[in-house]
Amino acid sequence: MSNNTSIEWATMSWPVTTGCTYAGKSCLNCYAVRDSWRLASNPNPKVSAPYSGLVKKVQIAGLWLLRWTNRVKYHQDRLDWVTQQQKPRRVFVGNMGDLFHRDVPDWFIDLVFNRMELCRQHKFLVLTKRAERLAKYVSKRRPSNNIMLGISAGTRSELMQRGSEMQQIQGWQKFLSLEPLIEDVSRELSALLQHPDSDFVWVVCGGESDKKQSGARPCDLEWLANIVGTCQECQV
């Protein structure tokens, strides 16, 4: 667990899974790919082992780029990290992967949710791009007020699909992460937030930050302003 996460909307990160596969256009320059590559090169095997074999270099159009190998790991030895923290934290769950990736078994997700429910002093933010599996899983659990469920979307099609799947979830606190934002999604956001079954309580947004690998895709300030205006109109 990191006490010094650079993610502005969390105070801690809890990487219970590492590795992933691409789930849409917004995944192209994922920060976790770069961080996994860097950590895999650490001389300390305790640091490097969870990230070994997750990222490879591939040549595309004459450029050497980092890409996932599609391997996913889940780490039982990290489950008790949150129980050792007594000071209340806002914890980003699975910041180096996706807890609801198809290769993460339900029994492991059970263990993660059990720990979150045990640590009532923390606020846990579970973010996924696999909203369909998330909805199916939490339908079998009782909502917990220290757990927020969120989806990540950076395009109109991603927000429409994943937002629709999130509407199936009832009783849980829900949020949206519109980052990396690579097109204007304000119209789709407005429709989602004004839907009768919508109960999203929080929206975060931001642009892409990859400047070293293939260049961050632009994020227009007007898109961000539109999101703020939409949230204000919908009282989110």
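Remember, predicted model here, so these are calculated numbers, not experimental data.

What counts and what doesn't
- Sequence order as written defines residue numbering, which begins from 1 separately in each chain.
- This being a predicted model, a pLDDT of at least 70 is required before a residue's local features are given, and a value of 80 or more before pairs of side-chain atoms are given or counted; all residues contribute to the totals for chains, interfaces and linings.
- Each side-chain value is derived from all of the structure's non-hydrogen atoms; neither hydrogens nor water enter the calculation.
- Segments assigned H or I by DSSP are reported as helices when at least four residues long, segments assigned E as strands when at least two residues long, and all are numbered from the N terminus.
- Restricting the calculation to C-alpha atoms gives the radius of gyration, and the globule rule supplies 2.2 Å times the number of residues raised to the power 0.38.
- Here the term buried applies to any residue with accessible area under 20% of the maximum for its type, exposed to any over 50%, and partly exposed to those in between, with areas from a 1.4 Å probe on protein chains only.
- Contact between two residues is taken to exist if any of their heavy atoms lie within 4.5 Å; hydrogens are not considered.
- Residue burial considers only the protein chains on display, and all accessible areas are found by Shrake-Rupley using a 1.4 Å probe.
- A residue counts as positive if it is Lys or Arg and as negative if it is Asp or Glu; His and the chain ends are not included.
- Each charge is placed at NZ for Lys, CZ for Arg, CG for Asp and CD for Glu.
- Side-chain atoms within 4.5 Å link the members of a nonpolar core, which is a set of buried Ala, Val, Leu, Ile, Met, Phe, Trp, Tyr and Cys residues.
- Only the contacting stretch of a helix is used when fitting its axis, a line to C-alpha atoms as for every element, and angles between N-to-C directions run 0 to 180 degrees.
- An angle below 35 degrees is treated as roughly parallel, one above 145 as roughly antiparallel, one from 65 to 115 as roughly perpendicular, and anything else as oblique.
- Two helices crossing with the near one rotated counterclockwise from the far one by less than a right angle form a left-handed crossing, whereas a clockwise rotation gives a right-handed crossing.
- Residue polarity follows a fixed list, in which Ala, Val, Leu, Ile, Met, Phe, Trp, Tyr, Cys and Pro are nonpolar, Asp, Glu, Lys and Arg are charged, and the others, Gly among them, are polar.
- Pairs of cysteine sulfur atoms within 2.5 Å are what we label disulfides.
- Between any two strands, pairing holds if DSSP finds at least two bridges.
- For this analysis, a polar contact is any N or O atom pair within 3.5 Å, provided that within protein one partner can donate a hydrogen and the other can accept it, and provided that sequence-adjacent residues contribute only side-chain to side-chain pairs.

## Structural notes on the overall build of the chain
For step 1, the next point in the chain: When helices and strands are counted, the chain shows seven helices and 10 strands.
For step 2, the next point in the chain: A compact globule built from 236 residues should have a C-alpha radius of gyration of about 18 Å, and the chain, at 18 Å, falls within 12% of that.
For step 3, the next point in the chain: Overall size of the chain, expressed as C-alpha extent along the three principal axes, is 50 × 45 × 30 Å.
For step 4, the next point in the chain: Counting every position in the chain, which comprises 236 residues, the buried fraction comes to 50%.
For step 5, the next point in the chain: Considering only contacts in the chain between residues 6 or more positions apart, those separated by 24 or more positions represent 76%.
For step 6, the next point in the chain: Accessible surface, the chain as shown: approximately 11,800 Å² in total, 48% of it carbon and sulfur.
For step 7, the next point in the chain: Within the chain, one finds 31 positive and 23 negative side-chain charges whose respective centroids are separated by 8 Å.

## Things to note about the nonpolar core
For step 1, the next point in the chain: Trp14, Leu99, Phe113, Leu149, Leu176 and Leu178 are the most contacted members of the largest nonpolar core, which totals 45 residues.
For step 2, the next point in the chain: Aside from chain neighbours lying at most four places away, what touches Leu176 is Ile151, Leu159, Leu189, Leu192, Leu193, Phe200, Trp202, Val203 and Val204.
For step 3, the next point in the chain: Ala32, Leu66, Trp68 and Met96 belong to the second largest nonpolar core, which has 10 residues in total.

## Overview of the packing of helix α3 (residues 106-118) against helix α4 (residues 131-138)
For step 1, the next point in the chain: Packing of α3 against α4 leaves a shortest axis separation of 12 Å and a crossing angle of 70°. Between α3 and α4, the interaxial angle falls into the category roughly perpendicular. As α3 runs across α4, the sense of the crossing is right-handed. Across from Asp106, Ile109, Asp110 and Phe113 in α3, the residues of α4 making contact are Arg133, Tyr137 and Val138.
For step 2, the next point in the chain: Residue composition of the contact of α3 with α4, by class: four nonpolar, no polar and three charged.

## Details of the side chain of Glu208
For step 1, the next point in the chain: Counting through the fold element by element, Glu208 comes out in the loop between β10 (200-205) and α7 (221-233).
For step 2, the next point in the chain: Under the relative-accessibility criterion, Glu208 is labelled buried at 11%.
For step 3, the next point in the chain: Residues within four places of Glu208 in sequence aside, it is in contact with Ser26, Asn29, Pro180, Gly215, Ala216 and Arg217.

## A look at the state of the cysteines
For step 1, the next point in the chain: One pass over the structure, following the stated rule, counts zero disulfides.
For step 2, the next point in the chain: No disulfide involves Cys219; its sulfur sits 7.5 Å from that of Cys205, the nearest cysteine.
For step 3, the next point in the chain: The class for Cys219 is partly exposed, based on a relative accessible area of 24%.

## A few points about the sheet that holds strand β7 (residues 123-128)
For step 1, the next point in the chain: The strand order across the open sheet built from six strands is β1-β6-β7-β8-β9-β10, with neighbouring strands paired in parallel fashion. Each of the sheet's edge strands pairs with one partner strand only, and the pair in question is β1 (12-14) and β10. In this sheet, neighbouring strand axes are inclined to one another by 25° on average, regardless of whether the strands run parallel or antiparallel.
For step 2, the next point in the chain: Against the sheet, helix α6 (residues 186-193) touches β9 (173-178) and β10, its axis set at about 175° to β9.

## Remarks on the environment of Ile182
For step 1, the next point in the chain: For Ile182, the position within the fold is in the loop between β9 and α6.
For step 2, the next point in the chain: For the pair Ile182 and Ser26, spaced 156 residues apart in sequence, the C-alpha to C-alpha distance is 7.1 Å.
For step 3, the next point in the chain: Dropping the residues within four chain positions of it, Ile182 is found in contact with Lys25, Ser26, Gly154, Thr155, Arg217, Pro218 and Trp223.

## Focus on the environment of Ser139
For step 1, the next point in the chain: Position of Ser139 relative to the elements: it lies in the loop between α4 and β8 (147-152).
For step 2, the next point in the chain: The spatial distance from the C-alpha of Ser139 to the C-alpha of Gly171 is 9.6 Å, given a sequence separation of 32 residues.
For step 3, the next point in the chain: Within the structure, the side chain of Ser139 is placed 2.6 Å from the backbone oxygen of Lys136, a separation counted as a polar contact.

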